[in-house]
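# A structural walkthrough
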Amino acid sequence: MTGLASAFRVLAAAAAALLAVTATAPVAQARPEPKAPEEFVALRSVDPTIIQEMRYPTAHNFMGVPVDGYRQPLCILTRPTALALHRAQTRLLEQGYSLKVYDCYRPQRAVDHFVRWAKDLDDETMKGEFYPRVDKTRLFADGYIAEKSGHSRGSTVDLTLVRRPAAPTGPYPPGRQQVPCYAPQAERFPDNSVDMGTGYDCFDTLSHTDDPRIQGTQRANRQFLKKTLTDAGFVNLAEEWWHYTFKPELFPDTFFDFPVARRSVAGH
């Protein structure tokens, strides 16, 4: 019995020592998500009248799946950019129009997702709508996809015009028959915006803001949007009628990676 009792004492001591080590060992924790700097705000907190139709948290985009980093359908921008949009919106409301944003701040992880998709030449799920005339091998060379995006700096926004009162855009049903983004407006996805000649994110030269093939009402709508935003301090990217950057940029050299989520700008 003495030997057995001694063995139990040894085992008890070993167990106690193991518990002590476990109790004092640091607990592994998930790396906390980065938050936005104080200079970033949710657009809705500055101007709730601007329509938001955020495409990348949904499957209705050129990849056909929700994009990494978009946790909620939320437009986040630097405060000066949001205030500039508010000034433009004030003028537009007086004329019977509203801005509608498709994308605002874009985390670097979303851009990385774009790059991975572009390198997967077998994935052409959304080719029929977004890039019917562009070979996927050309997406980098032609400038449609890049490893860095000005959106990640927080002063760039993708947007359009909507005539008020605005009817809601209908849902995008899975498996919907794809129609080229440059097809007549009545045939394209039924976006509630004015006719700009192509849909949003149309990988085609017809998306160039001043493409000479775009005439009449379509050209007038593009020029109206351009003048309104230029007067508010924005600069258009010539290759995309929807792409505008507020100048001077608050963070001209920083590409952020906090997620698009309310918690990223909570309290700002």
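Residues numbered from 1 in each chain as written. Predicted model: local features only at pLDDT ≥ 70, side-chain atom pairs only at ≥ 80, totals over all residues. Heavy atoms only, no water.

Our focus in this paragraph is the overall build of the protein. In terms of helices and strands, the protein carries six helices and seven strands. Taken from N to C terminus, the helices and strands of the protein fall in the order α-β-α-β-β-α-β-α-α-β-α-β-β. Here the protein holds 268 residues, and 47% of them are scored as buried. By sequence separation, contacts in the protein at least 24 residues apart represent 74% of the contacts at least 6 residues apart. For the protein, the accessible area works out to roughly 13,400 Å², and carbon and sulfur atoms hold 58% of it. (Helix = DSSP H or I, 4+ residues; strand = E, 2+ residues; numbered from the N terminus. Buried < 20%, exposed > 50% of the residue type's maximum accessible area, 1.4 Å probe, protein only. Contact = heavy atoms within 4.5 Å. Areas by Shrake-Rupley, 256 points an atom, 1.4 Å probe, with all protein chains shown as cover.)

What follows is about the packing of helix α3 (residues 79-94) against helix α6 (residues 216-231). Between α3 and α6, the least distance of the axes is 9 Å, while the angle of their chain directions is 130°. Overall, the two elements α3 and α6 adopt an arrangement that is oblique. Seen along the crossing, α3 lies across α6 with a hand that is right-handed. Where α3 approaches α6, its residues Leu 85, Ala 88, Arg 91 and Leu 92 are matched on the opposing element by Phe 224, Thr 228, Leu 229 and Asp 231. (Axes fitted to C-alpha atoms, helices over the stretch in contact; angles between N-to-C directions. Parallel < 35°, antiparallel > 145°, perpendicular 65-115°, else oblique. Left-handed = near helix turned anticlockwise from the far one by under 90°.)

What follows concerns the pairing of strand β7 (residues 243-246). Alternating residues of β7 divide into His 243 and Thr 245 and Tyr 244 and Phe 246, and every residue in both groups is buried. In the sheet, strand β5 (residues 156-163) pairs with β7 via three bridges, with the strands oriented antiparallel. Bridging from a neighbouring strand, Asp 158 pairs with His 243 of β7. Note that strand β6 (residues 234-236) and β7 share three bridges and pair antiparallel. Bridging across to β7, Val 235 finds its partner in Thr 245. The turn linking β6 back onto β7 is made up of six residues. (Pairing = 2+ DSSP bridges.)

A few words now on the confidence of the model for the protein. Low pLDDT marks stretches whose predicted atomic positions should not be read closely. With 89% of its residues at a pLDDT of 70 or more, the protein has an overall mean of 91. Low confidence marks residues 1-28, where pLDDT is under 50. Its contacts with residues over four positions away, or in another chain, come to zero contacts. (pLDDT = per-residue confidence, 0-100.)

Ordered in space as β2-β4-β5-β7-β6, the five strands form an open sheet in which the pairing is mixed. Pairing within the sheet leaves two strands with one partner each, and these edge strands are β2 (51-52) and β6. Strand direction decides the pairing type here: β2 and strand β4 (residues 97-103), joined by two bridges, are parallel. Pairing of Gln 52 across the sheet is with Val 101, part of β4.

An ideal rise of 1.5 Å per residue puts 22 Å on 16 residues; α6 measures up with 22 Å between its terminal C-alpha atoms. Every buried residue of α6 is accounted for by Asn 221, Arg 222, Leu 225, Thr 228 and Leu 229. All buried residues of α6 fall inside an arc of 135° around its axis, so they share one side. In this structure, the buried side of α6 is in contact with α3, β4, β5, β6 and β7. Following α6 by one or two positions, Gly 233 adopts a phi angle in the positive range, close to 105°. (Expected span 1.5 Å × (residues − 1). Arc of directions from axis to C-beta.)

Another point: the state of the cysteines. Tallied over the full model, the rule gives two disulfides. A sulfur-sulfur separation of 2.0 Å characterises the disulfide bridge that pairs Cys 75 with Cys 104. The sign of the S-S torsion, about -100°, decides the handedness of the disulfide formed by Cys 75 and Cys 104: left-handed. One end of the pair, Cys 75, is in the loop between β2 and β3 (76-78); the other, Cys 104, is in the loop between β4 and α4 (108-119), and 29 residues separate them in sequence. You can call Cys 75 buried: its relative accessible area is 0%. On the accessibility criterion, Cys 104 (0% relative accessible area) is buried. By sequence order of its bonded cysteines, the protein has the disulfide arrangement 1-2, 3-4. (Disulfide = S-S within 2.5 Å.)

What follows concerns the pairing of β4. Counting buried residues in β4 gives seven out of seven residues, a clear majority hidden from the surface. Pairing geometry for β4 and β5, over six bridges, is antiparallel. Residue pairing in the sheet places Ser 98 in a bridge with Val 162 of β5.

In this structure the tally under the stated criterion is 23 aromatic pairs. Ring centres of Phe 40 and Tyr 105 lie 5.9 Å apart, and the angle between their planes is 75°; on these two criteria the pair is classed as edge-to-face. Here Phe 40, found in strand β1 (residues 40-42), pairs with Tyr 105, found in the loop between β4 and α4; they are 65 residues apart in sequence, far enough to count as distant. Look at Tyr 105 and Phe 258: their rings are 4.1 Å apart centre to centre, the planes differ by 15°, and that puts the pair in the stacked class. Here Tyr 105, found in the loop between β4 and α4, pairs with Phe 258, found in the segment after β7; they are 153 residues apart in sequence, far enough to count as distant. A relative accessible area of 1% means that Tyr 105 is categorised as buried. The class of Phe 258 is buried, set by a relative accessible area of 1%. Just above the ring of Tyr 182 sits the side chain of Arg 133; from NZ or CZ to the centre is 3.8 Å. Lying across the ring of Phe 255, Lys 148 places its NZ or CZ 5.1 Å from the centre. (Phe/Tyr/Trp six-rings, centres within 6.5 Å; stacked < 30°, edge-to-face > 60°. Lys NZ or Arg CZ within 6 Å of the ring centre and 35° of its normal.)

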